[in-house]
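Residue strings, one per chain:
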Amino acid sequence: MITTEYVPGSPCWLDLGAPDVPAAAAFYAAVLGWDYESMAESEDFEGGMFKKDGKIVAGLGRLTEEGARSAWMLYYCVSDADATTQAVQEAGGTVRVAPMDLDDWGRMAQYSDPLGGQFAVWQPGTNKGLELVDQPGSLSWTELYTSDAAGAREFYGILFGWQFSDMPLPGDAGTYTLITPSGLPEDRMHGGLMELRKEDLALTGGRPYWHPVFAVEDCDAAVAEVAGNGGTVQMGPEDMEGVGRLAVCLDPAGADFVVLTPSVS
């Protein structure tokens, strides 16, 4: 489970780069029940925070990178963003955004892994991260699709010290690798990675990509809102034993995410 007791290597933030901020705000309000609070609007910047029950669940900003696709960016907690940046480069990754301070909130940087999967880190200052997780309408899991699971394990293991464990997928569909922060028990497991063929990574032209899983009270109702508000459903809803009922979705701008009603344990 993801908690707000953030430790190095645990997911602590996510934000969406969208070509149309008001449209994205309206879509996620319908699907996840989020409220949007604008922080600033100008020629250079437009964005703000998504909240659920008054607590921050994600960030939203206008997509400005030329040629970039709309996507969710996942941030992992680190104690030293500069040291992490050096480790990324030494392990074969690429620095997309060099470490930078965001006032006294914290220090961030964005990277690509050796095959091009994009992710980010957050060195907390006064802002430790998301205020609500693992509840309906909030982040409950992170997931990487990659064409090289062994390479991903090596890279992210060096970077974050993650612990990995494998489980077989139903119907001989391959192996799913579970991720837990260094030194923590399995009940703090926060994500997974799965190997796919490059031709199955069509969203990114064959590059790996991370996406968020959002908990919802009713997967089918959430999927109906996705379809009814201009999004599309790539897979599901379907039941996965021991996991819950889930669907893989795209918002109207093509950003991918998963909605999951967890199994009752």
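Residues numbered from 1 in each chain as written. Predicted model: local features only at pLDDT ≥ 70, side-chain atom pairs only at ≥ 80, totals over all residues. Heavy atoms only, no water.

- Taking an unreviewed UniProt entry as the reference, the chain is identified by name as Hydroxylase belonging to Streptomyces qaidamensis.

**Overview of the nonpolar core**
Generally speaking, soluble globular proteins have nonpolar side chains that are buried together.
Working step 1: Counting 63 residues, the largest nonpolar core has Tyr28, Trp72 and Val259 as its most contacted members.
Working step 2: Ranked by the residues each element gives to this core, the list is headed by helix H1 (residues 21-32), at seven residues.
Working step 3: When we break this core down by domain, the ones giving at least three residues each are domain 1 (10-124) and domain 2 (138-262).
Working step 4: One finds Trp141, Tyr145, Leu201 and Leu260 within the second-largest nonpolar core, a separate group that totals 14 residues. (Core = buried A, V, L, I, M, F, W, Y, C linked by side-chain atoms within 4.5 Å. Buried < 20%, exposed > 50% of the residue type's maximum accessible area, 1.4 Å probe, protein only. Helix = DSSP H or I, 4+ residues; strand = E, 2+ residues; numbered from the N terminus. Domains from an automatic or database assignment.)

**Let's talk about the sheet that holds strand E1 (residues 11-18)**
Working step 1: Read from one edge to the other, the open sheet built from eight strands follows the order E2-E3-E4-E1-E5-E8-E7-E6, with strand pairing classed as mixed. Unpaired on one side and paired on the other, strand E2 (35-41) and strand E6 (94-102) mark the two borders of the sheet. Neighbouring strand axes in the sheet, compared pairwise and without regard to direction, differ in orientation by 25° on average.
Working step 2: Sheet analysis places strand E3 (residues 46-52) next to strand E4 (residues 55-62), joined by six bridges and oriented antiparallel. The partner of glycine 48 across the bridge, within E4, is leucine 60.
Working step 3: On top of the sheet, helix H2 (residues 81-90) reaches E6, strand E7 (106-112) and strand E8 (118-124); it is set at about 10° to E7, its chief contact. (Pairing = 2+ DSSP bridges. Axes fitted to C-alpha atoms, helices over the stretch in contact; angles between N-to-C directions. Contact = heavy atoms within 4.5 Å.)

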